[in-house]
Structure formats: C-alpha cells, structure tokens
Amino acid sequence: MSRQQQESQGVVLTGYHSNAELLPKIGPRAPVSCPPAQVQEPAMPRTGHYTVQQNQNTHPADGSGPSATEGGTKTSTTDPPSLLNPSAASSPRSQPSFSPKPGSSPRHSPSPKSRPRPRTPCLRSNSQDSLDELEMDDYWKEVENITSSGGGAGRGDAGGEGEVPEEEQQKIPEEGEQEEAWLTEAGLARLFDDSLAADQDQEEDSAVFLSTLTRSQAAAVERRVTTLQQTLLRRRNRQHVPDVRDIFRPPEKHEEPIELKGESENGQKDITSAETETELNVEVAFSEQALTYRDNHQRAKVTASPNSPDDKLPNFKLLRDKTGQTRIGDLSPLDMKKVRRLVLVESTALFDTAGIDLKADKPVKVKTKESGLFGVPLATLLEQDHRRAPGTKVPLILQRLINHIEEEGLDTEGLLRIPGVATRVKLLCQEFETSFYDGTFPWQQLKQHDAASLLKLFIRELPLPLLTVEYLNAFFAVNKLPTKKQQLQALNLLILLLPEANRDTLKALVEFFHRVIDHQDKNKMTLNNVSVVMAPNIFMFKGFRSKVTEQQEFSMATSTAHIVRLLIRYQNLLWTIPKFIMTQVRQQNMESHRKQYKERAMRKLLKKMTTDKPSEKAVPEESSQGFIRVQAPQFSKVSMAVQLTGELQAADVLTRFLSQDSSVAVEQEELCLYEIGGNIKERCLDGETYMKDLFELNPTAEWVIRAVHR
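Residues numbered from 1 in each chain as written. Predicted model: local features only at pLDDT ≥ 70, side-chain atom pairs only at ≥ 80, totals over all residues. Heavy atoms only, no water.

## A closer look at the overall build of the protein
- Helix and strand content of the protein: 24 helices and 14 strands.
- Relative to its full complement of 710 residues, the protein shows a buried share of 49%.
- Summarising the internal contacts of the protein: among those between residues at least 6 apart in sequence, 79% fall at separations of at least 24. (Helix = DSSP H or I, 4+ residues; strand = E, 2+ residues; numbered from the N terminus. Buried < 20%, exposed > 50% of the residue type's maximum accessible area, 1.4 Å probe, protein only. Contact = heavy atoms within 4.5 Å.)

Below is the structure:
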C-alpha cells in the first residue's frame, strides 16, 4: 500500500488526557516588582492530548503517517469563549488556536522526529500575513519563559505576598451600572439624572453633542438610555407587589428588546467572501459603513478557514483628504475632549452593529508603588520623569532600553524571542532601580537579549494592563468583528480612547517592533514572530493566568497575536483621527458659536446696545482676494501674505517662510502651520494639506507658524 493510501485511512481518537495536574507549581513571589532569581528550567507545556490509534485498515510502513507524532499523541485545537467574559461565545472570525506541543519548536527540536508534521503544500501558508502552527510555538515558549522566570503568576496562583489580588483590580459592574458609567463618560448624565436637568450649560452642551450624532451613534445612545431606564424602574418597583393585570398584559413596544438584523444565533456576523476593498473611507462614520455591510450580507454564511484569502492583511490606505490628515496630538485639549466623547459613542455603535455587547470591567484603586521603575503606574513614572525631563510622554526607562537595543544593533538573531538569563535579568532589574536615575548604570555591560527581557518585564509588571482594565475586553472583542476593515476601524477608535500615557507608550512600542521587523533578514523576526512573542507580554498582566482556564488561554493565543499584528502593521493609520469625527467636532464648535452669539445679542439688546456686529469674524479682505495672512510671532518675520492656489500645500507655506527668514535656526520638520479659530480650536496641519480647500472649510481661521516638539 502506498504512503498516500495509508494517510487517507485516518486515525481513531481513543481518549483525551490532560496534564494539568503535572504542571509545576509556581511558588510564592517576593514582594518586589522584579521577578525572583532562579535557574530557568524547561517548562512543561500546558496542554491536553488525544490518544491516537491507527485505523485497523491502516498498515503504515514507517513513522511518517498522521499518527507518527512524538509519543503517539495529537494535540487538540480549541476555540473557547472570550477570556475576560467566559460566557461570551468565541468569534468565528478569530484566528485558529493552537496548543503547544512538547519539544515542537522548529528552532529547538532535538531531532527531526520531534518536529510537528508540516502541512501539505496546499494548506501551508508561506506568507507572513497569516499565522500558522509553527509560529504559534513561539507564543507558548514565551509563556513558559514568563512563568519559569517568575514573571507572572501561574494558574491557580493569585500572586505572592505583597501583591494585589486580581479581584481587587477588576470589579464586575452591577446591573445598570455599566450604562450609567457609559452615559456619564460620554457627557450625557443629564439623560438619566434629573438633578442635572436644571444645569443650563450642561443641557446645552448635551443638546449640541446629540445634534451632531449619526443614525447609528444616536441608536447606541438611545439603547443605553432605554436599558438604564428599565433597570431604574425595576429597582423602584422591586418591593412592589405586582398586579395580575400587569403580569398578563401584552408587552409594550418600548419594552421589546432591540434586535439587530443580520445576526446569527450567537450574535456574530455572517459573511461569504474575503474583503477585496483596501481603501479606508474615513468621511463616513465606521458604524454607518458597518450597517451597510450588515444589510448587504445578512443572508451569507461564515467562512472561517485559517488559510482563506481574508486571513491575509490587506494593504489598507486612507482615501486622500485635501483638508489634511489629523494625527493624535495635532488638536488642542478642548477639541480632543470632544473627540473622545464622540469616539466613545462611535466605537460602541460599531460593536452594536455586530451584536457585540461590551461589558467593561470596572477598575478600582489599588495599592501600588509610589516610586521606582518596575511595577509602577505609568502616571507615577511620567511624574518622576517630568521632574528630570519636562514634556516626557514615554517613560525614560522604556526609551533608554529601546535606544540601547537599537544602538547595539537590530540584526541579533532571535531578538525579543530568545530570553535573557533569568538570574542576570533579576540582578539587572534591581540595579536599574537603584542606579538608573543616578546615571551610574553600566549600559556597556547590558547584553541584547537581557535588555529585550527587561523591556518585556517592564510591560508585564505594570500594575494595570497597558491597554487598560476598562478597554481590555474591547480589544479582545475586535476579533469578533466580521471583516479586517472593521477590526482596523475598531482598533483606531479604541486607541483614541486610551489615556494619553498608555497611548503614547503603546505607540513607542509598536514603532520599535516595526524597526525590529525591518531587519528580519538578519534577526529572523518577522511580523508574525514579533506579534506572537509580544502578545503574552502585552495582554497577560499580573494575575491574569489565575483567572482564565486552559481553553480560554488557548483561544487567547492567536487572537491576541492577531491584535498585536494589526497594531504593528497599520500603526500609521491607527494613530489618526477619522475625518468624520473631525467633521462632527467642527459642527459642535459652530453650533456652540451660534448659541453664544444669541446670548451675546440678547445681552446687548437688554443693555440697548447695537447688535449689528457680525457673530463671527469677518473674512479678511486679503482672503476675499485669494490671499491669506500667515502669522509667525515666535520669529523675526512676524507675518507674510500667501496667495491661495489649487496646488498650494501647508508644507509649501513652511518652505516659503524659511526661504524669506534666514534667521530661523530650526528645520522645517520642527515647524508646524496651525489652523486656529473659526470652527476649530487649534490644529497642527499635515504637510499635505491643500490650503485652498481648508480655507473654504474654515474661512475665518487664523494661520500661525510655530515650532513644535514631536
């Protein structure tokens, strides 16, 4: 019988065995942030296995058949529920989950027999745009390294002495508390709190905000207001003896649950084909686009093949916007506050279109270190750093570790994947705590792999997850969205919701990861390699593994690696503010200006003063003739007139200014042309902004050149 015939006969699964009871127990951790020093021993992978028996009709001639894996076992693959919400169904769109195999790493297999059987050419993906089983071995090896080095509590171990148990870091909100917190965060507390109804300013602010919402955004607000009102009603009537007529009366329309069209039974989206469109439309709200997609695909079926074309990462690009791309950090704090409120509503509306009800954990205050480097909150670290380097946005220790790794060279093979020596990393961690700020740390003695291990340790030892307790579930839920485009849109919104310190730190990390990948020919670290290695470090915060089951941890592997993959691959798109959000911000500002003018006009009438002055600044005479006046108060040439043409860009204005003022000692990259006033508070312009198009959008704005520190 030929080998092909032998393999076609199949195998019989005779039983399932778990080695959970054989797992080494992690001892109590010392009450210090740095992991305990110990000799790193090979850790037994956490997995179960099926016992495999050859079919009676199969007579293998050698050990190369399907059952010829080490020990006569075949590991299982599972697709368990969401990690922090065990009752939630796992997404059919999530990446396939692979469990670890003893000695299955392709880089460390002692013999050819211990290597996993390669996929057939028709199934094996050679593209770095998809995750496969071999690459997921790096994930489990990283988990083993974290556990064996004491970098994370094991399953069933809630942390050592001096640690805050996980239950104290997260709290499941009570009924109605979720909606109440959401509406408060969106600045809409007056919709449920009657005591705020008399607050005229807040009422007008809410009215302006609601007037700019799209259909899907308004539906998201209405859904949560209705749910909260019903919850409050049940609370008030909890002690009330019901009347029989109330029990048997027909349900009223407003009490019927809101059902989303096009959902499958488990609340997931059904789709048929891989997405081929690669242009991202940022002029229409993402939730509105998702509604259109849902309506067009509501009768389709799910295709979740791990090697389908949809598993590849498309080359997404933004549609060109002549009024300029707005990056995070380009807007004033006042406008960013408006952005955040709108993004909160929009992200919720986007998940609503896919039937995903996000239940965020409620963070509570925990006791943390008030000084130091490892195990210190980001806010505390930055406060320390500001005293030494004002304006610091990313912790100095993280910046210095990244710089050191890059100075030593990014060609080191296995960078980020190969761990440093555990005992040495422990000692280095303690030495950092005592000598980093003094400037006496011996950087020349720090090895590449040790520095990378310290960088990963810094992330893991944060008291709260880098992606925050509030939004960690939302990041997990991104995989449940039906298309890569919607997943990318959701990530864009979630990044805008992160606190500034978390967002800036995450950006510094993904930029560093991208530079590591640029040297993949030498260091062998591709996009997938870096993603699977860094995923457990970003998502497995303190006490995490004590809260999840094996099944949930297996499901986490490829889903979290996929999220990290998207963050690295599309970082240039994710750290931007969509145009439709900017349009809504401009609308809010204009509406606020109108209301303010009405109030001023009324006051003038009461004082019998003239009211014939315009409500807004009149368009300067220069502008009406096709010119704008550009101010530069920080420099010797305080202003210049610029003629508006169809091809004039913001970068051209800066170039012209530098050519006319030779006393300017800064590079063009250190200057920014600002749009100030009119329907925006303040905005640093992208160099490719077409000035004539922007002037038509905001004709009463002022144009100012300033030096910036990015």
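This is not the end of the story, as more comes after the structure.
## Observations concerning the pattern of salt bridges
- By the definition in use, this model includes 17 salt bridges.
- For Arg224, the salt bridge goes to Asp352, with nearest N and O atoms at 2.9 Å. Taken together, the positions of Arg224 in helix α6 (residues 215–236) and Asp352 in helix α9 (residues 333–353) put the pair 128 residues apart, joining distant regions of the chain. Grouping residues by exposure puts Arg224 and Asp352 together as buried. (Salt bridge = Lys/Arg side-chain N within 4 Å of Asp/Glu carboxyl O.)

## Topic: the nonpolar core
- Judged by nonpolar contacts, the single largest core of 123 residues is most densely connected at Tyr139, Leu416, Phe432, Leu454, Phe513 and Phe539.
- Counting residues in hydrophobic clusters, the runner-up holds 22 residues, among them Val664, Leu673, Leu685 and Ala701. (Core = buried A, V, L, I, M, F, W, Y, C linked by side-chain atoms within 4.5 Å.)

## Section: the pairing of strand β14 (residues 702–707)
- Where strand β10 (residues 627–631) meets β14, two bridges bridge the pair, whose relative direction is parallel. Within β14, the position partnered with Gln631 by the bridge is Val704.
- The pairing of strand β12 (residues 671–677) with β14 spans six bridges and is antiparallel. For Glu675, the partnering residue across the bridge sits in β14 and is Trp703. (Pairing = 2+ DSSP bridges.)

## As for the packing of aromatic side chains
- In the structure shown here, the tally under the stated rule is 14 aromatic pairs.
- With 5.0 Å between their ring centres and 70° between their planes, Phe286 and Phe580 make a pair best called edge-to-face. Within this pair, whereas Phe286 is found in helix α8 (residues 286–296), its partner Phe580 is found in helix α21 (residues 579–606), the two being separated by 294 residues in sequence. For the residue pair Phe286 and Phe580, the accessibility class agrees, reading buried in each case.
- Of the aromatic side chains, those joined through ring pairs into one cluster are Phe432, Phe436, Tyr437, Phe441 and Trp443.
- The ring of Trp182 is capped by Arg224, whose NZ or CZ atom sits 5.5 Å from the centre of that ring.
- When the ring centre of Tyr674 is taken as reference, the NZ or CZ atom of Arg706 above it lies at 4.9 Å. (Phe/Tyr/Trp six-rings, centres within 6.5 Å; stacked < 30°, edge-to-face > 60°. Lys NZ or Arg CZ within 6 Å of the ring centre and 35° of its normal.)

## Regarding the state of the cysteines
- With the rule as written, the count across this model stands at one disulfide.
- For Cys672, the disulfide goes to Cys684, at an S-S distance of 1.8 Å. Because the torsion about its S-S bond is 120°, the bridge between Cys672 and Cys684 counts as right-handed. Of this pair, Cys672 sits in strand β12 while Cys684 sits in strand β13 (residues 680–684), and the two are 12 residues apart along the sequence. (Disulfide = S-S within 2.5 Å.)

## Section: helix α12 (residues 422–435)
- Helix length check: α12 (14 residues) gives 20 Å between terminal C-alpha atoms against 20 Å at 1.5 Å per residue, within 8%.
- Along α12, the positions that sit buried rather than exposed are Ala422, Val425, Lys426, Leu428, Cys429, Phe432 and Ser435.
- Buried residues in α12 make contact with α11 (396–408) and α13 (448–460). (Expected span 1.5 Å × (residues − 1).)

## Digging into the sheet that holds β12
- The strand order across the open sheet built from five strands is β11-β10-β14-β12-β13, with neighbouring strands paired in mixed fashion. Unpaired on one side and paired on the other, β11 (639–643) and β13 mark the two borders of the sheet. With strand direction ignored, the average angle separating the axes of adjacent strands in the sheet is 25°.
- Bridge analysis of β12 against β13 gives four bridges, and the strand direction is antiparallel. Paired with Glu675 across the bridge in β13 is Arg683. (Axes fitted to C-alpha atoms, helices over the stretch in contact; angles between N-to-C directions.)

## Considerations on the environment of Phe635
- Summarising the element assignment, Phe635 is placed in the loop between β10 and β11.
- Note: C-alpha distance between Phe635 and Ala665 (30 residues apart in sequence) is 9.9 Å.
- Residues in contact with Phe635, not counting those within four places in the same chain, are Phe657, Asp661, Val664, Leu671, Ile705 and Ala707.

## Overview of the packing of α12 against α13
- Contact geometry of α12 with α13 gives a least axis separation of 10 Å together with a crossing angle of 65°. Judged on the interaxial angle alone, α13 and α12 are roughly perpendicular. As for the relative orientation of α12 and α13, their crossing is right-handed in sense. On the side of α12, the interface is formed by Arg424, Val425, Leu428, Cys429 and Phe432, while α13 contributes Asp450, Ser453, Leu454 and Leu457.
- The residue inventory of the contact of α12 with α13, partitioned by class, reads six nonpolar, one polar and two charged. (Parallel < 35°, antiparallel > 145°, perpendicular 65-115°, else oblique. Left-handed = near helix turned anticlockwise from the far one by under 90°. Nonpolar A, V, L, I, M, F, W, Y, C, P; charged D, E, K, R; others polar.)

## Observations concerning the side chain of Gln588
- If you trace the backbone, Gln588 turns up in helix α21.
- In this structure Gln588 touches Val208, Phe209, Thr212, Lys338 and Leu342, once residues within four positions along its chain are discounted.

## So, unusual backbone geometry
- The phi dihedral of Leu416 is positive, around 80°, even though this residue is not glycine.
- Mapped onto the elements of the fold, Leu416 is located in the loop between α11 and α12.
- Judged by its relative accessible area of 0%, Leu416 is buried.

## A word on the confidence of the model for the protein
- Overall, the predicted model of the protein reaches an average pLDDT of 74, with 62% of residues at or above 70.
- Under a pLDDT of 50 for its full length, residues 153–168 has, in the predicted model, 36 contacts with residues more than four places off or in other chains.
- Contacts for the low-pLDDT stretch residues 251–276, under 50 throughout, to residues beyond four places or in other chains number 54 contacts. (pLDDT = per-residue confidence, 0-100.)

## What about the environment of Asp693?
- Among the structural elements, Asp693 can be located in helix α24 (residues 691–697).
- Under the relative-accessibility criterion, Asp693 is labelled partly exposed at 25%.
- Sequence spacing of Asp693 and Gly324 is 369 residues, and the spatial spacing of their C-alpha atoms is 9.4 Å.

## A short note on the environment of Leu573
- Position of Leu573 among the secondary structure elements: in helix α20 (residues 571–574).
- The exposure class of Leu573 is buried, given its relative accessible area of 15%.
- Once the C-alpha coordinates of Leu573 and Arg327 are considered, the two residues, 246 residues apart in sequence, prove to be 9.1 Å apart.
- If we ignore the near neighbours within four places in the chain, the residues touching Leu573 are Leu280, Phe316, Leu318, Leu488 and Asn492.

## Quick word on the side chain of Thr212
- By the element assignment, Thr212 lies in the loop between α5 (200–211) and α6.
- Reaching out from Thr212, the side chain makes a polar contact with the side chain of Gln588 at a distance of 3.5 Å.
- Look past the residues within four positions of Thr212 in its chain and what remains in contact with it is Gln217, Leu342, Gln584, Gln587 and Gln588. (Polar contact = N/O pair within 3.5 Å; in protein donor to acceptor, adjacent residues only side chain to side chain.)

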